[in-house]
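Reading the structure
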Amino acid sequence: MDSAADHTTEPAVRLLADLVRIPSVNPMGRALTGAVHSEAAVAEYVEAYLRKHGIDVQVAAYTPGRPNVLGFVDVGAAHTVMLEAHLDTVHAEGMKVDPFGADIVGDDLFGRGSCDTKGSLAAFLAATTGVLRRHGEARHNILIAAVADEEYQFSGARHAVAAGLRADCGIAGEPTNLRIVRAHKGVVRWFLRTAGRAAHAAYPDRGENAIYRMAPLLLRLEEHAQALLAQPPHKLLGTPSLSVGRIEGGQAVNIVPDQCRIEVDRRTLPGELPEDAMHAVRELLADLQHWDMSEPHVAAKGMDVPEESPIVRNLSRAIHAVTGNAVVEGASYATDAGIYTSAGIPTVVFGPGDIADAHTAHEHISIAELLKAEAIVQKVLSTDFT
Ligand SMILES: [Zn+2]
């Protein structure tokens, strides 16, 4: 037996294998139903795990089949640390490895969610029960938050916050290769539509072409996108951005189209509100006609937790103690951390795994890194903050 195989008996590895074997694919707005496309089964597993270890649990399903699991450890400390990870994964179609097999090859455990972000969840759960097992070691109250729907609408985190979630600081588990992401961008996505009037394509003058009507809007948006990239950059995050990622319109080539729709992706800087970003676009197009804008279907704020805040300082120290090198950086992707930080819980992003492996056909995680994440979080939980 080699040393990697020995690791498979570690609680964090067994936990991760169990979590990967329970599919929790986010339907991402598609009309997909059934147990695979729900967080319910994996939430049940987490709930049972917490209860088995004597941790108080609350399960809140804000939509049927989309539950959040909250675990509370009160050791009478002044300070509560939230350990958060999402329960959902992206879809597993086209994967080149068994998405729900949790196969281990060498140091890697394979499967959908292994890296994004069941690895973080396993590390957080194992760290918590490890600290509790060594009675008296926990120096902070612990809030475990395993939430639904991060990959699509961040609605699990939003509902948790709306329901009064409280903690003094937090770590949102995402694959950061054990680096601290203390700032990231936000994102807002919405549709813009133009309307026309259908006619036979042989008589285009009898109709109004909705695709032509979209053209001037697109040119304005392209200019706006250029202007955003020319703004003064945030130190860690660069500039805000805008991209039109999809366009659809028309029913057939022989019909003048009466509908055209584009989907806009706008990345915001911390402190920039999604509604303000949309308002700027509305103003920009105000003199054009025959168009309207949808409500946002995704809206998440960015975050910027100060370098000197207790969670950044103390997590850095713990990473340094375990790996010898702590890196603090920014990221362009949005996470649940923006929602907690905006709600007054300074939350950084940290976890095992490489973001480049997330959502891929060969998604996997390094077991060595998973175990380091567990050790780092144990250190955070068992050390007084400075
Ligand atoms: Zn994730």
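Coordinates for the structure precede this section.
Below is a summary of the structure that appears in this document. (Residues numbered from 1 in each chain as written. Predicted model: local features only at pLDDT ≥ 70, side-chain atom pairs only at ≥ 80, totals over all residues. Heavy atoms only, no water.)

1. Topic: the coordination of the zinc ion
In a perfect tetrahedron of four donors around a metal, the angles come out at 109.5 degrees. In a perfect octahedron of six, they are 90 or 180 degrees. His86 (NE2), Asp116 (OD) and Glu174 (OE) make up the full set of protein donors to the zinc ion, lying at 1.8 to 2.1 Å. In the primary sequence, the donor residues of the zinc ion line up as H-x29-D-x57-E. With His86 in strand S3 (residues 80–86) and Glu174 in the loop between strand S7 (169–172) and strand S8 (180–184), this pair connects stretches of sequence that are 88 residues apart. (Donors = N, O, S within 2.8 Å, 3.2 Å for Na, K, Ca; no water. Helix = DSSP H or I, 4+ residues; strand = E, 2+ residues; numbered from the N terminus.)

2. So, the sheet that holds strand S4 (residues 104–105)
Here 3 strands make up an open sheet; going across it, the order is S4-S5-S19 and the pairing antiparallel. Strands with a single pairing partner mark the edges of an open sheet, and in this sheet they are S4 and strand S19 (364–366). Across 3 bridges, strand S5 (residues 108–110) lies against S19 in antiparallel orientation. Across the sheet, Asp108 pairs through a bridge with Ser366, a residue of S19. (Pairing = 2+ DSSP bridges.)

3. Description of the packing of helix H2 (residues 11–21) against helix H4 (residues 114–133)
Viewed as axis vectors pointing N to C, H2 and H4 meet at an angle of 135 degrees, and their least axial separation amounts to 9 Å. By the angle class used here, H2 and H4 are oblique. Crossing geometry of H2 relative to H4 is assigned as right-handed. Of H4, the residues touching H2 (which contributes Ala12, Leu15, Leu16, Leu19 and Val20) are Ser114, Lys118, Gly119, Leu121, Ala122, Leu125 and Ala126. (Axes fitted to C-alpha atoms, helices over the stretch in contact; angles between N-to-C directions. Parallel < 35°, antiparallel > 145°, perpendicular 65-115°, else oblique. Left-handed = near helix turned anticlockwise from the far one by under 90°. Contact = heavy atoms within 4.5 Å.)

4. A look at the packing of aromatic side chains
Evaluation of the coordinates by the stated rule reveals 0 aromatic pairs. The cationic tip of Arg206 hangs over the ring face of Tyr203; the distance from NZ or CZ to the ring centre is 4.0 Å. A cation over an aromatic ring shows up here: Arg261 above the ring of Phe191, its NZ or CZ 3.7 Å from the ring centre. (Phe/Tyr/Trp six-rings, centres within 6.5 Å; stacked < 30°, edge-to-face > 60°. Lys NZ or Arg CZ within 6 Å of the ring centre and 35° of its normal.)

What is shown is where atoms sit, not what they do.
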